Amino acid sequence: MKRYIELLCLVMVSMLLQTSCLGSDDSSNTEYSSDTAIKTFSLSAVNRYVHTTSKSGKDSVYKKTLANPVVFTIDQYQHKIYNTDSLPVDCDMKHVLATITSVNSGTVVINYSTTTGSDSLMYYVSTDSIDFTKIKDLRVYSADGSGYRSYELTVNVHQVKSGQMVWQQMPAYYVPVDYQRIIWERNVFAAGLQQFIGAYNQEGYAYDSNRKLMVSSDWGNTWEEDLIDENAELLPSNNVAFAAWPFAANDSTDYQLMIGTSDLYGKACVVWRKISEHAYRSLPSFWVFLPVESYNKYYLPKMDNLNLVYYNGMPLAIGNDGNIYVSRDQGITWKTTSEYTLPSNIGTYNLTALADDEGYLWLVGKDTGEVWRGKIIE
């Protein structure tokens with residue numbers, strides 16, 4: 001039961017009771033502090049109403065409790081309480097249990113906004129739910145009733161559903177410039193090679209005029225034919241894309257992935273990988289073909305204008321079919337998900353994709369010039 005108070009009456013009654021209890025016994029003096037503050041603030045129970053869609057397309061909603069603890073900052077100087085990491089958008093903020101403690105036994109009071117603009121004060125009780133959509137401020141009254149301290153309480157909640165890409169259209173001059181790629185491309189063509197494929201750290205790849213796969217370990221100043229452990233005829237001949245990232249299993253090692261299309265290979269893209277070791281006395285690394293096994297229905301379909309981007313800890317493939325394909329096993333299987341999607345109102349699928357160091361995925365329309373910046377909301 002929520003208990004509303006008239007603060008003035010409360011203070012007067014408490015003072016009278018104190019006087020009555022103390023009586024005239026001078027040997028029992030009780031002192032009450034005029035200093036107080038909010039000491040700790042946390043959310044003890046937050047419900048989420050999660051929407052799901054079954055394989056048949058049927059929508060359903062189920063309730064779950066927010067699992068991750070929410071860390072709040074108490075700024076005693078500015079009298080503000082807030083969370084820096086936003087809560088998921090599907091949290092029920094009208095019925096929340098909170099744990100609040102104060103200094104020197106101060107009384108915590110919640111001030112709700114009313115339609116008339118007046119204050120509506122309510123004692124804080126840990127077992128009573130709080131409507132965070134209507135809180136005006138949070139107060140803590142001193143034990144001696146001489147005053148209170150008010151805190152501006154802000155509970156940040158995501159405005160979009162977590163676990164999905166959020167896109168924003170941007171001016172063209174915001175697109176990050178890949179200066180390393182510019183240097184590599186210049187050196188590739190200066191060496192008389194036909195096509196630059198990609199590079200990571202100081203190791204880069206290109207095709208020569210005979211479609212041999214060449215490698216350079218000195219920023220493209222010198223080149224040699226790379227080692228291939230399979231049939232070189234299945235190397236991608238068109239729509240070639242490349243990405244690489246540190247290989248978690250070993251130090252000084254990169255996991256490199258190359259995809260593309262080949263007239264000699266069915267309806268799927270060809271996928272090649274190389275585990276490139278750079279430590280002293282490391283053995284030479286080979287490119288290995290990753291075939292599509294008969295039981296694997298999650299292959300990367302053939303498409304034009306392929307891009308391969310390492311983003312959020314996974315390789316993403318983007319082509320001209322309007323999908324983003326995610327590989328969680330480093331190139332073996334590729335799936336579309338509800339998390340990774342292109343902008344709903346994008347004007348073209350003829351795109352260039354790249355990722356920056358701040359966690360953003362960038363898309364540039366080759367024929368429209370439009371620029372999109374996206375980020376996954378966790």
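About the thresholds
Residues numbered from 1 in each chain as written. Predicted model: local features only at pLDDT ≥ 70, side-chain atom pairs only at ≥ 80, totals over all residues. Heavy atoms only, no water. pLDDT = per-residue confidence, 0-100. Contact = heavy atoms within 4.5 Å. Pairing = 2+ DSSP bridges. Helix = DSSP H or I, 4+ residues; strand = E, 2+ residues; numbered from the N terminus. Axes fitted to C-alpha atoms, helices over the stretch in contact; angles between N-to-C directions. Phe/Tyr/Trp six-rings, centres within 6.5 Å; stacked < 30°, edge-to-face > 60°. Buried < 20%, exposed > 50% of the residue type's maximum accessible area, 1.4 Å probe, protein only.

## Focus on the confidence of the model for the protein chain
Link 1 in the chain: Of all residues in the protein chain, 88% have pLDDT values of 70 or greater, and the mean over the chain is 87.
Link 2 in the chain: Throughout residues 1–28 the model reports pLDDT below 50, and contacts reaching past four residues in sequence, or to other chains, amount to 23 contacts.

## Quick notes on the sheet that holds strand 5 (residues 80–83)
Link 1 in the chain: Here six strands make up an open sheet; going across it, the order is 4-5-10-9-7-8 and the pairing mixed. A strand with exactly one partner marks an edge of an open sheet, and here the two such strands are strand 4 (72–75) and strand 8 (119–123). Ignoring which end each strand starts from, the neighbouring axes of this sheet average 25° apart.
Link 2 in the chain: For strand 7 (residues 107–113) and strand 9 (residues 135–141), the ladder comprises six bridges, and the chain directions are antiparallel.

## A word on the environment of D357
Link 1 in the chain: Structurally, D357 can be placed in the loop between strand 23 (351–355) and strand 24 (361–365).
Link 2 in the chain: Taking C-alpha positions, D357 is 9.7 Å from P176, a pair spaced 181 residues apart along the chain.

## Notes on the packing of aromatic side chains
Link 1 in the chain: Scanning all chains against the criterion turns up 15 aromatic pairs.
Link 2 in the chain: Relative to W219, the ring of W184 lies with its centre 5.8 Å away and its plane at 25°, an arrangement referred to as stacked. Of the two residues, W184 sits in helix 2 (residues 179–190) while W219 sits in the loop between strand 14 (213–216) and strand 15 (224–225), which places them 35 residues apart along the sequence.
Link 3 in the chain: Under the relative-accessibility criterion, W184 is labelled buried at 1%.
Link 4 in the chain: Relative to Y340, the ring of Y311 has its centre 6.5 Å away and its plane inclined at 90°; by these criteria the two rings are edge-to-face. You can see Y311 sitting in strand 20 (residues 307–311) and its partner Y340 sitting in the loop between strand 22 (324–326) and strand 23, a full 29 residues away along the chain.
Link 5 in the chain: Taking relative accessible area as the criterion, Y311 reaches 4% and is therefore assigned buried.

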